Amino acid sequence: MAVTKIPQKTTLGIKIQTGLNAAGNPVYKTLGFSNVKVAATDDNVYAIGLGLAGLQKFPAVDIVRTD
């Protein structure tokens, strides 16, 4: 029997660096966006992530798609 993957939910996460702590280490925050279309390609989700990251006050460190 063949196994078929059927994604049910997709989210987009953008990890941003919000500053430094007292020890000088970076502090991160992840912005989550739900209701991403399951059929969207990885390239499209990444492009949207870059666009949203450009609107943020702080620099983006990582863009992640979670199925």
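Presented here is a report on the structure given in the accompanying data block. (Residues numbered from 1 in each chain as written. Predicted model: local features only at pLDDT ≥ 70, side-chain atom pairs only at ≥ 80, totals over all residues. Heavy atoms only, no water.)

1. Re unusual backbone geometry
The phi dihedral of Asn 35 is positive, around 60 degrees, even though this residue is not glycine. Looking at the element boundaries, Asn 35 is found in the loop between strand 2 (26-33) and helix 1 (42-54). (Helix = DSSP H or I, 4+ residues; strand = E, 2+ residues; numbered from the N terminus.)

2. Side note on the sheet that holds strand 2
Strands sit in the order 2-1-3 across an open sheet of three strands; the sheet is antiparallel. Each having just a single partner strand, strand 2 and strand 3 (60-66) make up the two edges of the open sheet. Averaged over all adjacent pairs, the angle separating strand axes in this sheet is 25 degrees, with direction ignored. Alignment of strand 1 (residues 11-20) against strand 3, held across six bridges, turns out to be antiparallel. Bridge pairing links Ile 16 to Ala 60 in strand 3. (Pairing = 2+ DSSP bridges. Axes fitted to C-alpha atoms, helices over the stretch in contact; angles between N-to-C directions.)

3. Notes on the nonpolar core
Ranked by size, the top nonpolar core spans eight residues in total: Leu 12, Ile 14, Ile 16, Leu 31, Val 36, Val 45, Ala 53 and Ile 63. Counting only elements with at least two residues in this core, the list comes to strand 1 and helix 1. At three residues, strand 1 tops the list of elements feeding residues into this core. Every residue in contact with Ala 53, bar those within four places of it in the chain, is listed here: Ile 14 and Ala 60. (Core = buried A, V, L, I, M, F, W, Y, C linked by side-chain atoms within 4.5 Å. Buried < 20%, exposed > 50% of the residue type's maximum accessible area, 1.4 Å probe, protein only. Contact = heavy atoms within 4.5 Å.)

4. Some remarks on the side chain of Thr 10
Relative to the helices and strands, Thr 10 is located in the segment before strand 1. Under the relative-accessibility criterion, Thr 10 is labelled buried at 1%. Polar side-chain contacts of Thr 10 include one of 2.9 Å to the side chain of Asp 67. Beyond its immediate chain neighbours, meaning those up to four positions away, Thr 10 contacts Ser 34, Asn 35, Val 36, Lys 37, Val 38, Arg 65, Thr 66 and Asp 67. (Polar contact = N/O pair within 3.5 Å; in protein donor to acceptor, adjacent residues only side chain to side chain.)

5. Section: the pairing of strand 1
When a strand is regular, its side chains alternate between the sheet's two faces. In this structure, strand 1 lies alongside strand 2, joined through eight bridges in antiparallel fashion. If you follow Lys 15 over to strand 2, its bridge partner there is Thr 30.

6. As for the pattern of salt bridges
Applying the stated criterion to the full structure yields two salt bridges. For the salt bridge of Arg 65 with Asp 42, the shortest nitrogen-to-oxygen distance reads 3.0 Å. Linking Arg 65 in strand 3 with Asp 42 in helix 1, this pair joins segments that are 23 residues apart in sequence. The class for Arg 65 is partly exposed, based on a relative accessible area of 23%. For Asp 42, a relative accessible area of 54% puts it in the exposed group. The salt bridge involving Arg 65 is made with Asp 67; its shortest N-O contact spans 3.1 Å. Bridged by salt links that share partners, the residues Asp 42, Arg 65 and Asp 67 form one connected network. (Salt bridge = Lys/Arg side-chain N within 4 Å of Asp/Glu carboxyl O.)

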